[in-house]
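# Report on the structure
Residue-level listing of the chains:
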Amino acid sequence: MLSTVLLTAFTVSSLSSLSTLASLSTLVCPHPAAAVNVVVAKDGSGGYTTVQAGIDAVSPGGTISIRPGTYHEVITVPAGKTGITMRGAAGKASDVVIDFDNASGTRKPDGSTYGTSGSATATIAANGFTATALTFRNSFDRGAHPEITATQAVAMKATGDRMVFDDVTFLGHQDTLYADTAAVGTVGRQYYRNCAISGDVDFLFGRATAVFDRATITALDRGSNPNGYLTAASTRRTNPYGFLIVGSRVVSTAPGATFYLGRPWHPGGDVDAIAQVVVRDTVLPAAIKPAPWTDMSGFSWQDARFFEYHNTGPGAGTGADRPQLTDAQVSSFTPKHYLAGTDGWNPVH
């Protein structure tokens, strides 16, 4: 009986000591911080096999290096992961593809649909994000899903500020690249340098201040007239700078005069969304209509801020339906002016 009591006392005392030691261990040796830099490799040769796992592990300011492969997943970079870099390890955009195939009208397991924003293969909400040598693709196939009528299918939704996309490819059809901001009235400056973007309907859209510098923009032939619209900006009335396409090249195999440069998007009928788009020093194909701007949802394109300047190619032109910047005005519509904001940000080179 005595030995049992002693054993019980010893056990309780030991457990108490172990508990104390465990508590001390937690204080002295906290859980390790998230990795600064991570490597993602589909074949298991890196620290993580999915891009989202790499995003979850990287710390703000860190780098995610992604080895070649096609990663079939939906990814999100939350607002708290500021200043991270995501790069293709091979240095070639086509070697690393992040792909999914949701459309706005795709059914979720609960029976609801994803909607336009929810269809995005990648959603990047963090400020200071940089991507290089990557492809973001939404591979939704209209022909394979005739039952889906809401065919908006976003490859990338970007809502951060001071974002840089360098040598990045965006592939889709309707609503390929959603260049937006975190909320109405907030700033979202985004610099797309040497990027490739393809689509048909409204495939560059949103309220961000976005510069497409030395881009290759492919207007896809969907067998109709109109075939589509390059832009659908929803710039805030108070923002002088929306989309700037500069020093770029628009290419298309679509028939002549079947594509518009853009139309003004007023989300939910918002009268303070006054699109601002400048296309300058850019080569335009014959697929561009001679009157390249058009109305949208009852809002006139003539009330928007649409301008061209010194464009070339068979789709270029002037006239009453093609407002042009003057030589005096054009110096205010440069990548540096668009992106400077109030803090003098200048990623342009």
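Our structure is the block above this text.
Only a predicted model underlies this, so the values are computations on that prediction, with no experimental measurement involved. (Residues numbered from 1 in each chain as written. Predicted model: local features only at pLDDT ≥ 70, side-chain atom pairs only at ≥ 80, totals over all residues. Heavy atoms only, no water.)

### With respect to the nonpolar core
General note: in soluble globular proteins, nonpolar side chains tend to be found buried as a group. Where we set the bar: Put simply, a nonpolar core is a bunch of buried Ala, Val, Leu, Ile, Met, Phe, Trp, Tyr and Cys residues held in one set by side-chain atoms that sit within 4.5 Å of each other. Buried residues are those whose accessible area, probed at 1.4 Å on protein chains only, stays under 20% of the maximum for their type, while exposed residues exceed 50% and partly exposed ones sit between those limits. Helix and strand labels come from DSSP, where a helix needs a run of H or I of at least four residues and a strand needs a run of E of at least two; each type is numbered from the N terminus.
Counting residues in hydrophobic clusters, the biggest one holds 59 residues, and the most contacted among them are Met86 and Phe165. The dominant element in this core, judged by the number of residues it contributes, is strand β10 (residues 163-171), at four residues. Core analysis: the second largest hydrophobic core is formed by 14 residues, Val211, Val278, Tyr309 and Tyr338 among them.

### A short note on the packing of aromatic side chains
Under the convention used in this document: The pairing test for Phe, Tyr and Trp rings, Trp by its six-membered ring, is centres within 6.5 Å, and the orientation test on the planes gives stacked under 30 degrees, edge-to-face over 60, and tilted for anything in between. Geometrically, a charge over a ring is one whose NZ (Lys) or CZ (Arg) sits within 6 Å of the ring centre while staying within 35 degrees of the ring normal.
According to the stated counting rule, one finds 15 aromatic pairs in the structure shown. Between Tyr241 and Tyr338, the aromatic rings sit 4.4 Å apart at their centres with planes inclined by 40°, giving tilted as the arrangement. Of this pair, Tyr241 sits in the loop between β17 (228-233) and β18 (243-246) while Tyr338 sits in helix α4 (residues 335-340), and the two are 97 residues apart along the sequence. Neither residue differs from the other here; Tyr241 and Tyr338 are each classed as buried. One aromatic cluster in this structure is built from Phe129, Phe136, Phe165, Phe170, Tyr192, Phe212 and Phe243. Above the face of the Tyr229 ring, Arg263 is positioned so that its terminal group lies 3.8 Å from the ring centre.

### A few points about the side chain of Asp99
Which entries qualify depends on this criterion: Contacts: residue pairs with any heavy atoms within 4.5 Å of one another.
Residue placement: Asp99 occurs in strand β6 (residues 96-100). Excluding its chain neighbours within four sequence positions, the residues that come into contact with Asp99 are Thr70, Tyr71, His72, Glu73, Thr121, Arg137, Asn138 and Ser139.

### Some words on the pairing of strand β16 (residues 216-219)
Short version of the rule: At least two DSSP bridges between two strands are required for those strands to pair.
Burial of β16 is one-sided: the residues Ile217 and Ala219 facing one way are buried, the residues Thr216 and Thr218 facing the other way are not. Bridge count for strand β13 (residues 196-199) against β16 is four bridges, and the pairing is parallel. The residue bridging Ile197 from the neighbouring strand is Ile217, located in β16. Here β16 pairs with strand β19 (residues 249-251) via three bridges, running parallel. Opposite Thr216, over in β19, you have Arg249 as the bridge partner.

### Things to note about the sheet that holds strand β4 (residues 75-77)
Quick reminder of the rule: Orientation is described by axes fitted as lines to C-alpha atoms, over the contacting stretch for helices, and by angles from 0 to 180 degrees between their N-to-C directions.
Within the open sheet, the seven strands sit side by side as β4-β7-β9-β11-β14-β17-β20. Their pairing is parallel. Either end of the sheet is taken by a strand with one partner, and the two such strands are β4 and β20 (259-262). Within the sheet, the average angular offset between the axes of one strand and its neighbour, ignoring direction, is 10°. Direction of pairing for strand β7 (residues 122-124) relative to strand β9 (residues 156-158): parallel, over a ladder of three bridges. Considered in β9, the bridge of Ala122 is made with Met156.

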